[in-house]
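What the coordinates show
Chain by chain, the residues:
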Amino acid sequence: MALVLNEEQTMLRDAAKDFLNNRAPVSHHRQLRDSADGHGFSRELWSEMADMGWAAIIIPEEYGGLDYGYAGLGLVLEESGRTLTPSPMLSTALMSTSALILSGSQALCELWLPQIASGDKLISVAFEESSQHRPAMVDTLAEPEGDGYRLNGTKLAVIDGASADAYIVSTRSRRGEDPCEGVSLFLVPANADGLEIKTTKLLDNHRVCDFQLDNVLVSREQLLGPLHGGCTILRQTLDRGRIGIAAEMLGIAQETFDRTVQYLKERKQFGVPIGVFQALQHRAATLFGEIELCKSVVLKALQAIDENSDEITLLASLAKAKCGQTANLATAEAIQMHGGIGMTDEFEIGFFIKRWRALNQQLGDSRFHLARFARLQGY
Amino acid sequence: MRDDLNTFRKEVRDWLENNCPEEMRSPIESEKDACWGGREFTFQSESQRLWLERMGQKGWTAPDWPTEYGGGGLNGEQLKILNQEMARINARPALFSFGISMLGPALLKYGNEEQKQMFLPPIVRGEIRWAQGYSEPNAGSDLANLQAPAVDMGDHYILNGSKIWTSYGDDGDWMFCLVRTDSDAPKHQGISFMLFDMKTPGITVRPINLISGLSPFCEVFFEDVSIPKEQQVGELNKGWSIAKYLLTHEREMISWTGLSKAGADPLGETAMEIIGGTDGILDDSILRTDIARFEVDEMAFALTIERARDEVKAGVSLGAVSSWFKFFGTELNKQRYNLLMDIHGNDALAWTGEASDDGKLARDWLRTKGNSIEGGTSEIQLNIVAKHILGLPG
């Protein structure tokens, strides 16, 4: 597939740009932060986004979706990065939807996917159990109980967890030599008995939750994918999430860079625009190139998912590592080149670095993915 | 249309089958295998000579030049097919030539009819080897500051001064050269583009040794060198436009440098062989991180080149982005060799001897330091990006 957008994708991107700039620019995010809202995003806005079809981009038509592919979803995420528009796009429309589709559990798909597509239900994937990203470390236990299973354990840092109607939870259903073998995924309703949820507001005003599973009972029908076979589905889901986050970080990098270049042309010191200074020009030019690299990597990774290529995993780590580094550079340089005003809360540029920090950490930071990249390449 | 292309592909395949000597169907191993042509060239083999002669006659050494000037007259689609078919049988390029990669495009755009007729066909046949006379001791990054004066003597010019960093200056038959024809005008407006035979009396060539050892670079000195007026290309004092046009070509050629080692072993693999690993993890964790950072950038760069090519195909013009490619590709290549030196440890230090192929790695490493200087320094490329892509002032 050529590394350029097709006409359909260009139209989707333009529509996303229009909508987000009009309905949910950075000021929308600020307003939510300064209000009593407890979700970190607006349910009304999510309904509007669902009306535009964004909750259903990767959902197959048979479940009420658009079947537009990940490349399309990535464009919307990239544009949301530019406007810092908070929404359950990543947690529900990308990750949980991917997990459902990948699981092949038809009954669960029939039940949940149409409700996700319509914007009515939200699901978050719960996979962390420590402060570091260690998805293979699964100590939450699933033990047989009657016709179903009894779940006990702790899950941490669940993205958008405060607003979810249900969770896809990774559990240890069997212990063996290979930590990947013996993982099972369950769909647990947020109102299940024995589920104790604690919400945390993050630096970027998004909400995550930690929860305790205390003898939570689930039926056999709530098993996602094969028993003991959840590891692959989880990995594939996480890789799709990583690529989605990379797309959002690309949007963040581009927006902060565009704003910074504009500022270099306007801000005057010593009687000239500061953009005449070579020390700043060279840093800006270097950053331009880093962003070009990210554009290629993100597009290639998204296309790889749509083509079901066997390089998805490598490209996910490539994209997450590279975009994490570049968005770090872009947001930090943006503050430095804006000077004092870049440090103020009144000015928007500082919002971007907060979002970058959260996204870089979630689903594995740049170091995690560099190490994973190296392992995949055999060293 | 598709049928025509299929027919063309078959013709190309048959022709190559019948005309490409067996010996020429393997990748070029070293500098010595490359055919540069020219009056003084000693062919390595009869196959090499034959391959150049046949490809030259067919016009396929310059496949997309017009047939009236000896070229192959191929369109974009046909050119792609020719390249694919040559790659299919591993056919090596019949000719490496600055005449084809640099001078030719400039002559096609700026030369008059007589000049095209006179110079282009011999270039296609590889009969004349060209040297480039651009830089001077006081005109490096500030190339437009070049001073070598060519004074109007009625029917000819008299050239003095000198050039430096002339690649293969000692092997070149002719030179294409930027000279100063008006010393009073602003520096960009007094430059002209001239061609002359290196055998013209008054020319002395001196090779330059680099920190890496021998090099193709030379200094060239001019003492009252006479150049007939017919050998001046384009408008008088407008040579700077030609120079810029050529520099863009050169930059694009150099920018692939970072990737030209595509066939080489990946660094991580080499490190595992030499340093060793435990459970598939390299035993030097900091080097492992350095290599991973490099390989991430290398892969991202390869994808960016792929994307740029796809965009060009879709009708987007590349423009000043080629400056960034030159910058990034050469910086990557320097990193690659730094890491290779780290990986090879003590063995990387050898300077002579058979085991090290006379210090090849150490010399190659040193040579890469020049990648970000030649063809416009990294700093100049970043200036171009800042000015022409980002629109920054100054």
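Residues numbered from 1 in each chain as written. Chains lettered and ligands numbered in written order. Predicted model: local features only at pLDDT ≥ 70, side-chain atom pairs only at ≥ 80, totals over all residues.

Now for the overall build of chain A. Counting secondary structure elements, chain A contains 11 helices and 10 strands. Here the C-alpha atoms of chain A give a radius of gyration of 21 Å, agreeing with the 21 Å that 2.2 N^0.38 yields for 379 residues. The dimensions of chain A, computed from C-alpha atoms along their principal axes, are 80 × 50 × 40 Å. When the 379 residues of chain A are sorted by exposure, 54% land in the buried category. Residue pairs in contact within chain A that sit at least 24 positions apart in sequence constitute 72% of those at least 6 positions apart. (Helix = DSSP H or I, 4+ residues; strand = E, 2+ residues; numbered from the N terminus. Rg over C-alpha atoms; globule rule 2.2 N^0.38 Å. Buried ≥ 20, exposed ≤ 12 C-beta atoms within 10 Å, placed from the backbone. Contact = placed C-beta atoms within 7 Å.)

Quick look at the overall build of chain B now. Secondary structure assignment for chain B yields 11 helices and 10 strands. The C-alpha atoms of chain B give a radius of gyration of 23 Å, which matches the 21 Å a tight globule of 394 residues would have. Based on the C-alpha atoms only, the size of chain B along its principal axes is roughly 80 × 55 × 50 Å. Contacts spanning at least 24 positions in sequence make up 71% of the contacts within chain B whose residues lie at least 6 apart.

Right, let's talk about the nonpolar core for a bit. Generally speaking, a soluble globular protein has its nonpolar side chains buried in company with each other. All names here are of chain A. Membership of the largest hydrophobic core comes to 149 residues, with the highest contact counts inside it found for Ile168, Phe186, Ala246, Met249, Val298, Ala301 and Ala319. No other element matches helix α7 (residues 230–266), which puts 15 residues into this core. Once residues within four sequence positions are removed from consideration, Phe186 is found in contact with Ala142, Tyr149, Leu151, Val169, Thr171, Val218, Gln222, Leu223 and Leu224. (Core = buried A, V, L, I, M, F, W, Y, C linked by C-beta atoms within 7 Å.)

For the rest of this paragraph, the subject is the environment of B:Ser192. All names here are of chain B. With respect to the secondary-structure elements, Ser192 resides in strand β5 (residues 191–197). Sequence separation between Ser192 and Ala91 is 101 residues, and the spatial gap between their C-alpha atoms is 39 Å. In contact with Ser192, other than residues within four places in its own chain, are Ala150, Val179, Thr181, Gln232, Leu236, Asn237 and Gly239.

Residues and elements named next belong to chain B. Split by domain assignment, chain B resolves into domain 1 (2–124), domain 2 (130–237) and domain 3 (243–389). If you average the C-alpha positions of domain 1 and of domain 3, the two centres end up 28 Å apart. Counting residues at the interface gives five residues for domain 1 and five residues for domain 3. Across the side of domain 1 that touches domain 3, the residue classes tally to three nonpolar, one polar and one charged. (Domains from an automatic or database assignment. Nonpolar A, V, L, I, M, F, W, Y, C, P; charged D, E, K, R; others polar.)

Quick look at helix α11 (residues 378–389) of chain B now. Taking 1.5 Å as the rise per residue, α11(B) with 12 residues should run 16 Å; its terminal C-alpha atoms sit 16 Å apart, in good agreement. Considered for burial, the residues of α11(B) that qualify are B:Ser378, B:Gln381, B:Leu382, B:Asn383, B:Ile384, B:Val385 and B:Ala386. Buried residues belonging to α11(B) abut α8 (278–306) of chain A together with α9 (321–344) of chain B. Downstream of α11(B) by a residue or two, B:Gly391 has a phi angle that is positive, lying close to 70 degrees. (Expected span 1.5 Å × (residues − 1).)

Moving on: the pairing of strand β6 (residues 195–201) of chain A. Residues and elements named next belong to chain A. Relative to strand β7 (residues 207–218), β6 runs antiparallel, the two being bridged by seven bridges. Paired with Glu196 across the bridge in β7 is Gln212. The turn joining β6 and β7, which pair antiparallel and follow one another in sequence, is formed by five residues; a positive phi near 70 degrees is taken by Asn205. (Pairing = 2+ DSSP bridges.)

Taken residue by residue, the interface counts 38 residues in chain B and 32 residues in chain A. Going through the elements one at a time, α7 (267–274), β10 (281–282), α8 (285–313), α9 and α11 of chain B are the ones with two or more residues in the side of chain B that touches chain A. The biggest single contributor to the side of chain B that touches chain A is α8(B), with 16 residues.

Helix-helix packing is characterised by the crossing angle of the two axes and by the distance between the axes. Residues and elements named next belong to chain A. Running from amino to carboxyl end, helix α9 (residues 312–338) crosses helix α10 (residues 349–361) at an angle of 160 degrees, the nearest separation of the two axes being 9 Å. Here α9 is positioned roughly antiparallel relative to α10, judged by the angle of their axes. When you trace α9 past α10, the crossing you get is left-handed. In this structure, α9 uses Gly324, Ala327, Asn328, Thr331, Ala332, Ala334, Ile335 and His338 to contact α10, whose residues at the interface are Ile349, Gly350, Phe352, Ile353, Trp356 and Asn360. Its residues placed into classes, the contact of α9 with α10 shows eight nonpolar, six polar and no charged. (Axes fitted to C-alpha atoms, helices over the stretch in contact; angles between N-to-C directions. Parallel < 35°, antiparallel > 145°, perpendicular 65-115°, else oblique. Left-handed = near helix turned anticlockwise from the far one by under 90°.)

Moving on, we get to the domain arrangement of chain A. Residue and element names in this part refer to chain A. When its domains are assigned, chain A resolves into domain 1 (7–122), domain 2 (125–228) and domain 3 (232–376). Here the C-alpha centroids of domain 1 and domain 2 sit 23 Å apart. With 20 residues of domain 1 at the contact, the number on the domain 2 side is 16 residues. Listed by contribution, the elements that provide at least two residues to the side of domain 1 that touches domain 2 are α2 (26–34), α5 (89–103) and α6 (106–117). Residues of the side of domain 1 that touches domain 2, tallied by class, amount to nine nonpolar, nine polar and two charged.

Residue and element names in this part refer to chain B. With antiparallel pairing, the four strands of this open sheet are ordered in space as β2-β3-β7-β6. The open sheet has two free edges, formed respectively by β2 (150–152) and β6 (203–207), since each of these has just one partner strand. Between one strand axis and the next, the sheet turns through 10 degrees on average, direction left out of account. In this structure, β6 lies alongside strand β7 (residues 217–228), joined through five bridges in antiparallel fashion. Within β7, the residue paired with Pro207 across the bridge is Cys218.

In this section: unusual backbone geometry. Of all residues except glycine, most have a negative phi; of all peptide bonds, most are trans. All names here are of chain B. If you check the backbone angles, Asp224 has positive phi at about 50 degrees while not being a glycine. Within the element layout of this structure, Asp224 appears in strand β7. For Asp224, a count of 10 C-beta atoms within 10 Å gives the class exposed. Phi at Asp358 is positive, roughly 55 degrees, even though this residue is not glycine. Judged by C-beta crowding, with 13 C-beta atoms within 10 Å, Asp358 ranks as partly exposed.

Before going further, it helps to examine the confidence of the model for chain B. Residues and elements named next belong to chain B. Per-residue confidence for chain B gives a mean pLDDT of 92, with 96% of residues at or over 70. Considering each helix and strand of chain B separately, the mean pLDDT is smallest for helix α6 (residues 239–255), with a value of 79, and largest for β10, with 98. Quick note on the complex model: pTM equals 0.90, ipTM equals 0.96. (pLDDT = per-residue confidence, 0-100.)

Here we come to the sheet that holds β5(B). Residues and elements named next belong to chain B. Taken together, four strands build an open sheet; the order of strands is β1-β4-β5-β8 and the sheet is mixed. Since the sheet does not close on itself, it has two edges, and those belong to β1 (130–133) and β8 (232–233), each with one partner. Of the strand pairs in this sheet, β5 and β8 are connected by two bridges, and their pairing is antiparallel. Bridging across to β8, Phe193 finds its partner in Val233. Against the sheet, helix α4 (residues 98–110) makes contact with β1, β4 (174–180) and β8, and its axis sits at roughly 70 degrees relative to β1, the strand it touches most.

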